[in-house]
Each structure stands twice: as structure tokens, then as C-alpha cells.
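Structure at a glance
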Amino acid sequence: MKCTKNIVLASGSPRRKELLTQLGWEFEVIVSDCEETVTEKRPSRIVSQLSSQKAENVWEKLTDEQRQNCLVLGADTIVALDGLILGKPHTKDRAVEMLQKLSGNAHQVFTGVTFVWMDHDKKKTSTFYEMTEVKVASLSMAEIEDYVEKGDCLDKAGAYGIQNEFAPYVTEICGDYNNVVGLPLAAVYAQMKRCGLIRMSGPAAPAVVASGKIKGAIFDPDGTLADTLESITYCGNYAMQACRLPEIPKEKYRYFVGEGADTLIKRCLIYSGDDELKLFDKAYARYRIIFQEKCMYNVTVYPGMMETLQTMKANGIRLAVLSNKPHEQTLDVIYSLFGKELFDTVLGNRPGLAKKPSAQGVQEILRGWDMDPKDIMYVGDTATDMITGNAAGALTVGVLWGFRDRAELERHRAQEIVERPEELLGLI
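Here is a short report on the structure shown in this document. On a predicted model such as this, the values are computed, not experimentally measured, just so you know.

**A short note on the overall build of the protein**
Summing up its helical and strand segments, the protein has 16 helices and 17 strands in all. Here the protein has a C-alpha radius of gyration of 23 Å; the compact-globule value for 428 residues is 22 Å, and the two agree. Dimensions of the protein, computed from C-alpha atoms along their principal axes, come out at roughly 70 × 65 × 40 Å. For the protein, restricting intrachain contacts to residue pairs at least 6 apart in sequence, the fraction spanning at least 24 positions comes to 66%. About 19,400 Å² of surface is accessible on the protein, with carbon and sulfur atoms providing 47% of the total. Considering the protein, the positive charge centre built from 51 side chains and the negative charge centre built from 59 side chains are found 3 Å apart.

**A word on the sheet that holds strand S10 (residues 216-219)**
Consider a sheet: its strands pair through backbone hydrogen bonds, and that pairing is either parallel or antiparallel. With respect to topology, six strands assemble into an open sheet ordered S14-S13-S10-S15-S16-S17, the strand pairing being parallel. The sheet terminates laterally at strand S14 (345-349) and strand S17 (416-418), the two strands that pair on one side only. Strand-to-strand twist of the sheet, defined as the mean angle between neighbouring strand axes without regard to direction, takes the value 25 degrees. Pairing of strand S13 (residues 318-326) with S14 involves four bridges; the strand directions are parallel. Considered in S14, the bridge of Pro-326 is made with Asn-349. Contacts between helix H13 (residues 327-338) and the sheet are confined to S13 and S14, with S14 contributing the most and set at about 140 degrees to the helix. Packed on one face of the sheet, helix H15 (residues 383-392) meets strand S15 (376-380) and strand S16 (395-399) and runs near 165 degrees to S16.

**Things to note about the nonpolar core**
A general feature of soluble globular proteins is that nonpolar side chains tend to end up buried together. In this structure, Phe-219, Phe-343 and Met-377 are the most contacted members of the largest nonpolar core, which totals 58 residues. The greatest single-element share of this core, amounting to six residues, is contributed by helix H8 (residues 229-242). Dropping the residues within four chain positions of it, Phe-219 is found in contact with Thr-224, Leu-225, Leu-309, Met-312, Leu-319, Ala-320, Val-321, Leu-322, Phe-343, Val-379 and Leu-424. Counting residues in each nonpolar core, the second largest holds 48 residues, with Met-98, Val-113, Tyr-147 and Leu-185 among its members.

**A word on the state of the cysteines**
Using the criterion set out here, one finds zero disulfides in the structure. Just so you know, Cys-268 is unpaired, no disulfide at all, and the nearest cysteine sulfur is the one on Cys-243, 10 Å from it.

**Structural notes on the pairing of S15**
Burial within S15 is extensive, with five of its five residues counted as buried. Side chains Ile-376, Tyr-378 and Gly-380 of S15 all project onto a buried face; the interleaved residues Met-377 and Val-379 project onto the opposite face, where all are buried too. Judged from the four bridges that link them, S15 and S16 form a sheet pairing that is parallel. Along S16, the bridge assignment pairs Gly-380 with Gly-398. Once you follow S15 into H15 and on to S16, the crossover reads as right-handed.

**Digging into helix H10 (residues 261-271)**
The periodicity of an α-helix, 3.6 residues per turn, causes residues three or four places apart in sequence to face the same way. Among all positions in H10, only Thr-263, Leu-264, Ile-265, Cys-268 and Leu-269 are buried. Looking at the buried side of H10, the elements it contacts are H8, helix H9 (250-253) and helix H11 (280-294). Where H10 ends, the next residue or the one after it, Gly-273, has phi of about 105 degrees, a positive value.

Calculation criteria
- Numbers given for residues are sequential positions, taken from 1 along each chain in its written order.
- Local features in this predicted model are restricted to residues whose pLDDT is 70 or higher, and side-chain atom pairs enter the listing and the counts only when it is 80 or higher, whereas totals over whole chains, interfaces and linings include all residues.
- The basis for the side-chain values is all heavy atoms of the structure; hydrogens and waters are excluded.
- Secondary structure follows DSSP: runs of H or I at least 4 residues long count as helices, runs of E at least 2 residues long count as strands, and numbering of each begins at the N terminus.
- Two things to know: the radius of gyration comes from C-alpha atoms, and the globule rule equals 2.2 Å times the number of residues to the power 0.38.
- Any two residues whose heavy atoms approach within 4.5 Å are treated as being in contact.
- We get accessible surface area from the Shrake-Rupley algorithm with a probe of 1.4 Å; when it comes to residues, only the shown protein chains can shield them.
- His is not counted here, nor are the chain ends, while Lys and Arg score as positive and Asp and Glu score as negative.
- Working definition for charges: the position is that of NZ of Lys, CZ of Arg, CG of Asp or CD of Glu.
- Two strands form a pair only when DSSP identifies at least two bridges running between them.
- Throughout, an axis means a line fitted to C-alpha atoms (over the contacting stretch in the case of helices), and angles, computed between N-to-C directions, take values from 0 to 180 degrees.
- In this description, a nonpolar core means a group of buried Ala, Val, Leu, Ile, Met, Phe, Trp, Tyr and Cys residues linked to one another through side-chain atoms lying within 4.5 Å.
- Burial status follows relative accessibility: with a 1.4 Å probe on protein chains alone, a residue under 20% of its type maximum counts as buried, one over 50% as exposed, and anything between as partly exposed.
- A pair of cysteine sulfur atoms is labelled a disulfide when the two atoms are within 2.5 Å.
- Looking down the strands as they point away from you, a crossover is right-handed if its path from the first strand over the helix to the second goes clockwise.

What follows is the structure in C-alpha cells.
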């Protein structure tokens with residue numbers, strides 16, 4: 001594997017340089033000197049905004065010739081504790097104060113990353129973030145003061161470095177360790193692949209020629225484009241724990257999903273014994289809070305899906321996503337996984353739009369495309385998707401790599417059933 005561009009790191013952080021070196025790629029460092037401006041309030045949006053400012057600042061320093069062959073990578077990391085943002089302390093007194101707050105508590109580390117590059121004379125950008133939860137042991141004042149006196153914490157968000165003498169005080173990590181150090185390598189690599197910035201050895205995806213029968217494809221995201229079961233399970237069980245209910249096995253969530261978050265939580269509560277849904281308001285509120293930040297937890301694109309979508313796109317097939325998730329969260333998930341260029345339309349649930357299995361979302365997409373239902377395939381993995389596609393009058397395709405089985409898809413009149421993403425190419 002190799003990055004197709006010359007990498008420019010818009011940061012002088014030794015930690016980020018060390019981490020990026022682990023990928024085996026050469027890079028140049030040009031430190032951003034922009035005046036950072038924060039207008040966002042959510043930690044994930046703050047780091048995304050700051051990483052974008054850094055990357056754009058360095059991009060402006062490059063010549064037109066340099067831009068043609070460069071990928072600028074900007075990054076920013078912050079620590080958040082119960083909504084309180086903890087940046088770099090700069091003074092020992094401030095460092096002591098921060099560590100007292102972190103002592104005995106779990107906090108979140110957010111890193112935002114922005115890519116800027118040229119693709120066929122067109123400037124492109126991609127911004128994403130990673131969150132890791134870190135739990136710190138209860139620290140004595142002597143331990144805090146001893147650590148601060150070592151002087152290696154004043155330029156670090158949250159006043160600590162997990163890779164140095166603070167390591168013994170970290171009792172639990174949920175997420176990417178490298179993200180806490182300063183750069184989520186796995187997420188950086190995955191995003192490079194999605195943006196077409198990684199060159200791999202081996203044969204390319206086969207080209208096909210569209211027959212003209214199918215002109216567009218609408219995809220359900222969860223269980224069809226990406227395996228989101230870990231994320232849904234994590235967030236669902238977080239809501240159950242908030243209500244002092246036991247965790248629910250992951251396999252049960254396969255049958256709870258598909259009709260929106262409110263229905264998911266109702267099914268979770270009923271499974272847990274709350275038949276009257278007395279805890280619904282509390283559980284649903286907790287789910288929505290955690291899902292804002294953990295909607296990408298261990299989410300992966302199914303093998304072969306990216307290549308299949310790219311081949312469809314290259315052959316003139318229009319692509320869309322239709323989800324029962326809130327619209328803004330749908331955009332966040334799809335753009336994080338696939339970038340902003342692959343799908344022509346991304347539509348989540350919003351006021352005035354009926355959820356699936358209503359065909360209203362499909363109809364709205366088709367109006368924007370000026371197509372008839374017979375021109376498209378609707379691709380999904382559950383009964384809800386089959387009902388949606390059939391109600392719209394599309395070619396309804398069920399997939400077997402998702403959350404449900406063949407029997408359910410056949411029972412709800414899937415017109416085609418495929419076992420691998422590549423088989424979708426044969427239907428166009």
C-alpha cells in the first residue's frame with residue numbers, strides 16, 4: 001500500500017510525526033500558523049473545525065505545482081469531560097487543576113482530521129473525527145504534583161500524555177489508543193482508501209457496461225453498505241445501563257434495527273422487561289446523546305462494497321442512500337465512510353418525510369433524479385427494505401451479508417437476492 005500523493009503534515013507535534021512514520025510513508029512538515037477560531041460547541045465539531053483551519057492554512061502556503069501532487073493532513077485533539085473542554089494547560093497550576101478533574105473519572109479524547117488534495121484539477125477536502133473514551137484512576141495530590149513537575153504535560157490536551165509516565169494511571173480505554181496519542185492511524189488509513197488516495201497491489205475491480213435498464217441504485221446503509229451492528233449495540237446498551245437494565249446480546253440487535261431509533265429503543269426495553277415502556281423517555285434521550293458521538297464506533301464498510309459502488313459510478317449509475325436515521329447523522333456517517341463525492345443523494349429522516357417502509361423517501365430521490373421507479377434498484381437487508389422497494393415499484397434486491405436471513409427477504413418478496421456486493425453489477 002502507498003499513498004498516491006506527497007503527504008504534508010500541517011502540525012509540528014512530535015507525537016503525530018512519530019505516528020505517521022509508523023505507516024512507512026515519507027512526509028514533509030509545514031506547521032500551520034493560522035489564528036484558530038472556534039464557533040462550534042460539540043467537541044467533535046470543534047476538532048473538525050480546527051483541523052480544517054490548519055489544513056487550509058497550509059494549503060494556501062503551497063504553490064500551484066505543489067498542490068497537484070500533495071495531500072495536506074491537518075489534525076487537532078482535545079479532551080472533554082462532561083461537556084467541559086480541556087485544552088493545553090500551558091501552566092503547572094492549570095495542569096494540576098485539569099488532572100484533579102480527570103482523577104477517578106472517564107473522559108473523551110477527540111481528534112479531528114482534514115485532508116486537502118487535488119483530483120483532476122479539482123480541489124477536494126475530507127474531514128472526519130475519532131473519539132476514544134479513557135478512564136483515569138483516582139489520583140492523590142502527590143501523584144498529580146509529581147507528574148506535573150516532570151514538565152511533559154503543559155503542551156498536551158488534558159495535561160497528560162498517555163504514552164509517557166501517565167500510562168500507569170490509565171485504567172481503561174474504549175476506542176483507538178493512537179487517537180489518544182494524537183492521530184487515529186486506522187481511521188486515517190481507512191479514510192484515505194475511501195478517498196481513493198491509497199494505491200494497492202493486485203487486480204483492479206472489473207469494469208462493466210451498463211445495459212441501460214437500471215440507471216440508479218438506492219441503498220439502505222445499516223447492514224447493506226456497512227456493518228454498523230457494533231455501534232448500534234454499544235449505544236443501545238449504553239442507554240440500557242443508564243436505566244439500570246442489563247446489557248442485551250449483540251445478536252438480538254439484528255432484529256431490533258430497521259425502523260428508526262425510537263422503535264429500536266422500544267424493542268430493547270420490551271426485551272428487558274419494560275413492557276409498558278415506562279423508561280422510554282430516559283432511554284431514548286441517552287441513546288440519542290451517545291449516538292451523536294459513537295455512531296461510527298467500529299463501523300466498517302462490507303468487503304467489496306466500495307469497489308462495487310465505484311464501478312457503478314464509473315458506468316453512469318446514479319447512487320443514493322436512504323436511511324431512517326436523522327438526516328444530519330446520516331450525512332455524517334456516509335460522508336465519513338465514503339466521502340462526499342460517491343453518492344449523488346443522501347437522505348435521512350427529517351420532518352415531513354415518512355420513515356421506511358413508506359416509499360416517500362424513494363419518491364423524493366427519484367423526483368430529484370427525474371427517473372421512474374422502473375429505472376432503479378432498491379438494495380437492502382431487511383423486511384423493511386423489501387417493503388419499501390416494492391411499494392416504490394423498484395427492482396427490490398435483498399443482500400445476505402447484512403442483519404437478516406434469506407427466509408425473511410423471500411417472505412417479503414425480494415425480487416433478487418445476492419450473496420456478495422459484486423453480484424449487484426450483474427443486475428445493472
